[in-house]
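Residue-level structural notes
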Amino acid sequence: MTKSKTRTIKVGALARVEGEGALYVRIRGQEVTDVQFQIYEPPRFFEALLQGRMFAEAPDITARICGICPIAYMMGASHAMEDALRIEVTGVLRDLRRLIYCGEWIESHVLHAAMLHAPDFLGMQDAFEIARGHPDVVTKALSLKKLGNEILEAVGGRAVHPVNLKVGGFYKAPSRTAIRALVEPLKEAVDSALYLTRAFAAFDFPDYNYDYQFVSMRHPDEYAIHEGRIISSHGLDIPPSAFLEHFREEHVKHSTALQGMTTDGERYLVGPLARYSNNFDQLSDLAKEAARDAGLGPVCTNPFQSIVVRMVEVLYACQEALRLAEAYEEPDASCVEVVAGAGEGHGCTEAPRGICYHTYRLDDDGRILGATIIPPTSQNQRQIENDVLGVVQANMDMADSDLQWRCEQTIRNYDPCISCSTHFLNLTVDRA
Amino acid sequence: MPEPRKAKLAVWKFASCDGCQLSLLDCEDELLELAGAVEIAHFLEASRATVRGPYDLSLVEGSITNSHDAERIQKIRRQSKSLVTIGACATAGGIQALRNFAKVDDFIATVYAHPTYIEALAKSTPIHDHVRVDFELRGCPIDRRQLLEVLGAFLNGRRPNIPAYSECFECKRRGTVCVMVARGTPCLGPVTQAGCGNLCPPHQRGCYGCFGPMETPNTASLSGWFGSAGADQAKIRDLYRSFNAAAAPFRRESERHD
């Protein structure tokens, strides 16, 4: 290839991501002149179709934004409605919510790390190829993922789009027997999570670090999953209700997902790297030790190591689920009573891919007047484009096909959920 | 004698949440065996490797919502010996078919600052509105046991054994107490196709119709019962107007209560 010409590398439809997207990179000589992370997932207009629906319908409807992380949507919507209607869900019901969210983290993180991301580090096309050479890795991963789904089923009644969650709590409290049945498998799962953390820590990680603005939730008493304030590594500390005062979205032509940024127009990163780096001190001792043994410091600035961070979070989620399952006693009531009425509410939780914000306005009957939902992949889009730029610039001498794969891997660092963000991926690298 | 050629399986996505494709990856106990039994020729959510058509079996998730996808499904049909649609988006238009009851331009303007960047058809439509479909697997999401049954059937050249009767049968068989009779909770079970595995009534909530209308649903009669239990017109309309809103029997019934 001649260095003075334009180089073009194209990926028609990016694989091993949830949803549809593409990437366009243009290189003139030794300079990257354009990076477009293109999301062409057809929009489904959730914020519009929610208008006029009853507040109680929002969890089930918004679950359908994403089949991989429905709990994030159901719980964000529920918290926002509970904020609007001034009720609080505490005690056993709150613990059950944290338990089912642990199930979603386990299911989603293991799917991404072992099945979608790990093949990149091994130069393989998919997890089926890994299974031929390293069957123990894939079978352990599948059993962990299955356990995540079993938690979702035990608490929520179904793994994809659970039926048992509602504003105020649950339709029916799960039986003590059903939850205690998770205890023994969760003890084994802690060992499997440790095994996979060590296996993935042995990968060669491309040398790329960036001084990210990490945005995550933080809770005073626990590693934040489903509740807390929104903080950043640059000193932000706000309640979810102030989200729109500090962050905004912009509509660009090459994406059906709105792009998130701070109100000052700065890019930022949400997800496992941000949570880990902001809240390392709140991980369990075992998770901290596993992270240190895997070569991670208390802050992780290499996005390719996100695969290890995800497994550290899986380890933590297994321990946390175990603790909650061992302590579970059936509550007196399956939910807090909710009375429909007018109000405005905000909710934010840590979806596996990062913070997911909801706000709704309700009329006197409890019907939705307006809805805004800001999913994690929308917020990460600008940072993803910037990482691709950095990675291409640092690897200008790579052959086109290798560079293309490295770009795909860079995008998969974010476990992008394109179905979610359109509320995503083809790759084109255009070199001159 | 040479080994028989493995069937080529393809999975395609249109407007959807990915949950039905995920149900295939959620068959944790059967996944590796399945991957050995067929050639996974096109499954972008799971693999970078793609093989050109024709394909023996295409699974299609999602609904048609823009002109690009309306053309893409035609190409997929031409390359597929059998085409099976999976999930409420593909079989009925999905939750995004709520736009069919509104003006799509209003929807675009509600969500996007630059409506001219967005190309969308006025309606979200099921795959069978565009091409011949060999089998429709219902659900929002589909049930993975039913998916395995459909895969087994098509790979062995037989009809899938998927019941078309109502969700009421699942309650009766399991001994679930009727939530309408015992608690007065509105339930779409009498008019909804079985297959979810009996989920909502055992959780003390009414069926919300994920699997779409059963074979011959008597929706008018059921709505009468809802009315006498105190549900107003808007509530009855919204019950039918959700994940299978555009399936004809549910659409017509919801429009009677507009």
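Residues numbered from 1 in each chain as written. Chains lettered and ligands numbered in written order. Predicted model: local features only at pLDDT ≥ 70, side-chain atom pairs only at ≥ 80, totals over all residues. Heavy atoms only, no water.

**Overview of the overall build of chain B**
On a plain count of helices and strands, chain B comes out with eleven helices and five strands. For chain B, whose C-alpha radius of gyration is 20 Å, the value lies close to the compact-globule estimate of 18 Å for 258 residues. A principal-axis box enclosing the C-alpha atoms of chain B has dimensions of 70 × 50 × 25 Å. Counting only residues that meet the buried cut, chain B has 58% of its 258 residues in that class. Pairs at least 24 apart in sequence give 71% of the contacts found in chain B among residues at least 6 apart. Separation between the mean location of the 31 positive side-chain charges and that of the 29 negative ones in chain B comes to 3 Å. (Helix = DSSP H or I, 4+ residues; strand = E, 2+ residues; numbered from the N terminus. Rg over C-alpha atoms; globule rule 2.2 N^0.38 Å. Buried < 20%, exposed > 50% of the residue type's maximum accessible area, 1.4 Å probe, protein only. Contact = heavy atoms within 4.5 Å. Lys, Arg positive; Asp, Glu negative; His and termini not counted. Charge placed at Lys NZ, Arg CZ, Asp CG, Glu CD.)

**Structural notes on the pairing of strand β10 (residues 259–262) of chain A**
Residue and element names in this part refer to chain A. The alternating pattern of β10 places Gln 259 and Met 261 on one face and Gly 260 and Thr 262 on the opposite face, and all of these are buried. In this structure, strand β9 (residues 247–250) lies alongside β10, joined through four bridges in antiparallel fashion. Bridge assignment links Glu 249 to a residue of β10, and that residue is Gly 260. (Pairing = 2+ DSSP bridges.)

**Description of helix α11 (residues 248–256) of chain B**
All names here are of chain B. By the burial criterion, the buried members of α11 are Phe 250, Glu 253 and Ser 254. On an axial view of α11, the arc spanned by its buried residues comes to 100°, and they lie on one face. The inward-facing, buried residues of α11 abut α9 (219–228) and α10 (233–240). (Arc of directions from axis to C-beta.)

**Points about the interface of chain B and chain A**
The interface is formed by 61 residues belonging to chain B together with 64 residues belonging to chain A. In this assembly, chain B packs against chain A so that about 5400 Å² is buried in total across both faces, 62% of it on carbon and sulfur atoms. Its largest share of buried area at the contact with chain A, chain B owes to Glu 28, Arg 48 and His 203 of chain B, together 14% of the area lost on that side. Here chain B and chain A share eight salt bridges between them. A salt bridge links Asp 60 of chain A to Arg 205 of chain B, with the nearest nitrogen and oxygen atoms 2.8 Å apart. For the interface between chain B and chain A, the tally reads 26 residue pairs in polar contact (both at pLDDT 80 or more). (Buried area = accessible area lost by both parts, 1.4 Å probe. Salt bridge = Lys/Arg side-chain N within 4 Å of Asp/Glu carboxyl O. Polar contact = N/O pair within 3.5 Å; in protein donor to acceptor, adjacent residues only side chain to side chain.)

**A few points about the nonpolar core**
Counting residues in hydrophobic clusters, the biggest one holds 177 residues, and the most contacted among them are Phe 45, Leu 144, Phe 200, Tyr 276, Tyr 360 and Val 388 of chain A together with Leu 59 of chain B. It is helix α4 (residues 91–122) of chain A that provides the largest number of residues to this core, a total of 16 residues. Setting aside residues no more than four positions away along its own chain, Leu 59 of chain B makes contact with Leu 9, Ala 10, Val 11, Trp 12, Leu 24, Val 84, Ile 86, Leu 147 and Leu 151 of chain B. Membership of the second largest hydrophobic core comes to 15 residues, among which are Ile 238, Phe 247, Val 270 and Tyr 357 of chain A. (Core = buried A, V, L, I, M, F, W, Y, C linked by side-chain atoms within 4.5 Å.)

**A few points about unusual backbone geometry**
Between Gly 53 of chain B and the following residue, Pro 54 of chain B, the backbone shows a cis peptide bond with an omega angle of 5°. Between Cys 140 of chain B and Pro 141 of chain B the backbone carries a cis peptide bond, its omega angle lying at 5°. Note that Pro 141 of chain B resides in the loop between β5 (135–137) and α6 (144–155). A positive phi is found at Phe 45 of chain A, a non-glycine position, where the angle reads about 60°. Assignment of secondary structure puts Phe 45 of chain A in the loop between β3 (31–39) and α1 (46–49).

**A closer look at the domain arrangement of chain A**
Residues and elements named next belong to chain A. Segmentation of chain A into domains returns domain 1 (6–39) and domain 2 (46–421). With 24 residues of domain 1 at the contact, the number on the domain 2 side is 39 residues. The largest share of the area that domain 1 buries against domain 2 comes from Arg 16, Glu 18 and Phe 37, three residues that together contribute 35% of it. There are two salt bridges connecting domain 1 and domain 2. The salt bridge partner of Asp 120 is Arg 16, with a shortest N-O separation of 3.2 Å. Here domain 1 is connected to domain 2 by ten residue pairs in polar contact (both at pLDDT 80 or more). (Domains from an automatic or database assignment.)

**Brief notes about the domain arrangement of chain B**
Residue and element names in this part refer to chain B. In terms of domain boundaries, chain B breaks down into domain 1 (7–155) and domain 2 (167–256). Each of domain 1 and domain 2 has a C-alpha centre, and these two points are 25 Å apart. Buried surface at the junction of domain 1 and domain 2, both sides included, amounts to about 1200 Å², of which 60% is carbon and sulfur. Per-residue buried area on domain 1 facing domain 2 is highest for Phe 101, Arg 138 and Cys 140; these three make up 47% of the total on that side. If you look at where domain 1 meets domain 2, you find zero salt bridges. On the surface where domain 1 and domain 2 come into contact, there are three residue pairs in polar contact (both at pLDDT 80 or more).

**Comments concerning the packing of aromatic side chains**
Under the counting rule described, the total for this entry stands at 18 aromatic pairs over all chains. Centroid distance Tyr 240 of chain B to Phe 250 of chain B: 5.7 Å. Interplanar angle 65°. Geometry classified as edge-to-face. Taken together, the positions of Tyr 240 of chain B in helix α10 and Phe 250 of chain B in helix α11 put the pair ten residues apart, joining distant regions of the chain. Grouping residues by exposure puts Tyr 240 of chain B and Phe 250 of chain B together as buried. An aromatic cluster is present here, built from Phe 121, Phe 200, Phe 203 and Phe 205 of chain A joined pairwise through their rings. (Phe/Tyr/Trp six-rings, centres within 6.5 Å; stacked < 30°, edge-to-face > 60°.)

**Comments concerning the environment of Pro 160 of chain B**
Residues and elements named next belong to chain B. Looking at the element boundaries, Pro 160 is found in the loop between α6 and α7 (167–174). Residue class for Pro 160 comes out buried when judged on its relative accessible area of 11%. Separated by eleven residues in the primary sequence, Pro 160 and Glu 149 place their C-alpha atoms 6.4 Å from one another. Pro 160 has contacts with Phe 135, Glu 149, Val 150, Ala 153 and Phe 154, leaving out every residue within four places of it along the chain.

**Quick look at the pattern of salt bridges**
All names here are of chain B. Tallied over the entire structure, the rule returns 41 salt bridges over all chains. Here Arg 145 makes a salt bridge to Asp 143, at a shortest N to O gap of 2.5 Å. Given a relative accessible area of 58%, Arg 145 falls into the exposed group. Since its relative accessible area comes to 9%, Asp 143 is described here as buried.

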